[in-house]
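# Structure assessment
If you want the building blocks of each chain, they are given just below.
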Amino acid sequence: PRAMSEDLGDDPLKSARYGLKNLKRIVPNIQEWTTTGEPGQTWDEAARLWNAVINQWDLFNYHVLACVGGVYLENTEVGDGEQTFTYVEKDRQKEAVQYLIDEVFTTPDWLFRTPLEKKTYLLKNENEEHPMTALKNEQNYIFWDLLANERLIRMLQNEYEQGKNAFTATEMIDMLYNQLIVNIANPDVMERSMQKSLVDALITASAENEGIKINKNIQDEFCTLTSSPRKIMYTNTQIGRTSDAISLKRALLMRIRQWARNHEGNSSTAVQMHYADIAQRIETALGIN
């Protein structure tokens with residue numbers, strides 16, 4: 001978290017919040033700053049500047065994300081009394097998750113619901129893209145990366161080493177469930193899309209086959225006699241399968257499923273269909289009849 005591209009200062013969260021204030025000053029002025037008054041001028045320059053602002057917002061998001069499950073690395077020397085690995089402070093990790101909830105998973109209208117959306121698309125390498133597509137993709141990417149096994153495993157190790165002084169994966173899962181599911185009583189179109197993105201990210205890493213190792217050569221493997229020990233690997237998929245990471249994600253899926261089943265009859269037709277759909281997706285992914 002202390003060695004990010006274009007990073008400023010020693011606090012990624014503080015830096016990102018200052019950066020957001022600057023971006024929020026830019027967006028309302030894009031049209032004026034890019035209008036030249038020349039006959040036949042297109043909106044291309046405004047679209048490119050708008051796209052640049054969105055890319056900068058994305059950069060800030062990933063600076064903050066690095067704090068969640070983050071580890072500080074030190075090049076220690078014998079006798080210096082320093083630790084090689086230290087975990088990002090509990091309060092900072094919790095604040096980072098809250099930032100992502102507030103600035104990414106809660107629809108940032110200041111960035112995407114502007115007068116520009118009625119006038120132009122985003123332009124990137126001459127390809128046109130609707131701005132809401134960019135938002136949905138960003139939410140997908142952040143969910144996938146936030147819930148990656150590698151990140152959760154670091155959080156679980158932190159909990160093992162520091163106990164209550166650690167920001168635990170369970171605490172993060174509770175924040176996501178309470179603020180992105182329970183506290184949204186009647187999700188609108190974008191909130192329903194966000195909730196589906198959360199469910200999709202959870203299913204991707206914890207579906208029925210993810211917790212089971214299927215080895216077609218298992219018979220040959222066990223019939224081969226050797227005196228050589230198996231080489232210890234420091235990163236592999238087995239660690240993810242045997243950690244609590246998948247357990248946590250499956251537990252969150254089950255909570256979301258129960259919430260959806262309990263509330264699908266108490267909402268508008270669109271929300272009823274949404275809740276029925278995500279419950280069915282979870283049941284299918286986890287092999288629940």
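Keep in mind that what you see is a predicted model, and the values were worked out from it rather than measured.

This brings us to the overall build of the chain. Counting secondary structure elements, the chain contains 13 helices and 4 strands. Sorting the 289 residues of the chain into buried and exposed places 40% on the buried side. Within the chain, residue pairs in contact and separated by at least 24 positions form 75% of the contacts whose partners lie at least 6 positions apart. Here the chain has roughly 16,900 Å² of accessible surface; of this, 49% comes from carbon and sulfur atoms.

It is worth spelling out the packing of helix α1 (residues 12-26) against helix α4 (residues 90-105) at this point. Interaxial distance between α1 and α4 falls to 10 Å at its minimum, and their mutual angle equals 20°. With respect to each other, α1 and α4 are oriented roughly parallel. Regarding α1 and α4, the two cross each other, and that crossing is left-handed. Counted together, Pro12, Leu13, Ala16, Arg17, Leu20 and Lys24 of α1 and Arg92, Glu95, Ala96, Tyr99 and Glu103 of α4 form the full contact between these two elements. A class-by-class count of the residues in the contact of α1 with α4 yields 6 nonpolar, no polar and 5 charged.

Turning to the packing of helix α12 (residues 245-263) against helix α13 (residues 269-286), a few remarks are in order. Where α12 meets α13, the axes come as close as 8 Å, and the angle between the chain directions of the two elements is 145°. Along this stretch, α12 crosses α13, giving a crossing that reads as left-handed. Across the interface between the two elements, Arg250, Leu253, Met254, Ile256, Arg257, Trp259, Ala260, Arg261 and His263 from α12 touch Tyr275, Ala276, Ile278, Ala279, Gln280, Ile282, Glu283 and Leu286 from α13. In terms of residue class, the contact of α12 with α13 is built from 11 nonpolar, 2 polar and 4 charged.

With 14 residues, helix α8 (residues 169-182) extends 19 Å between its outermost C-alpha atoms, agreeing within 8% with the 20 Å of an ideal straight helix rising 1.5 Å per residue. If you check which residues of α8 are buried, you get Ala169, Met172, Ile173, Met175, Leu176, Tyr177, Leu180 and Ile181. Among the structural elements, α4, α6 (131-146), α7 (149-162), α9 (189-206) and α12 are those in contact with the buried residues of α8.

This part covers α1. Side chains three or four residues apart in an α-helix point the same way, a direct result of the helix having 3.6 residues per turn. An ideal rise of 1.5 Å per residue puts 21 Å on 15 residues; α1 measures up with 21 Å between its terminal C-alpha atoms. Listed in full, the buried residues belonging to α1 are Pro12, Leu13, Ser15, Ala16, Gly19, Leu20 and Leu23. Axial view of α1: buried residues confined to an arc of 150°, hence all on one face. Exposed residues lying more than 90 degrees from the buried face of α1 are Lys21 and Arg25. At its buried positions, α1 is contacted by α3 (44-65), α4 and α5 (109-112).

Right, let's get into the pattern of salt bridges. Per the stated rule, a full pass over the model turns up 10 salt bridges. A salt bridge links Asp174 to Arg255, with the nearest nitrogen and oxygen atoms 2.8 Å apart. With Asp174 in helix α8 and Arg255 in helix α12, the pair connects residues that are 81 residues apart, well separated along the chain. The exposure class of Asp174 is partly exposed, given its relative accessible area of 27%.

Calculation rules
- Residues numbered from 1 in each chain as written.
- Predicted model: local features only at pLDDT ≥ 70, side-chain atom pairs only at ≥ 80, totals over all residues.
- Heavy atoms only, no water.
- Helix = DSSP H or I, 4+ residues; strand = E, 2+ residues; numbered from the N terminus.
- Buried < 20%, exposed > 50% of the residue type's maximum accessible area, 1.4 Å probe, protein only.
- Contact = heavy atoms within 4.5 Å.
- Areas by Shrake-Rupley, 256 points an atom, 1.4 Å probe, with all protein chains shown as cover.
- Axes fitted to C-alpha atoms, helices over the stretch in contact; angles between N-to-C directions.
- Parallel < 35°, antiparallel > 145°, perpendicular 65-115°, else oblique.
- Left-handed = near helix turned anticlockwise from the far one by under 90°.
- Nonpolar A, V, L, I, M, F, W, Y, C, P; charged D, E, K, R; others polar.
- Expected span 1.5 Å × (residues − 1).
- Arc of directions from axis to C-beta.
- Salt bridge = Lys/Arg side-chain N within 4 Å of Asp/Glu carboxyl O.

Fair warning: the whole summary comes from geometry, so function is off the table for now.
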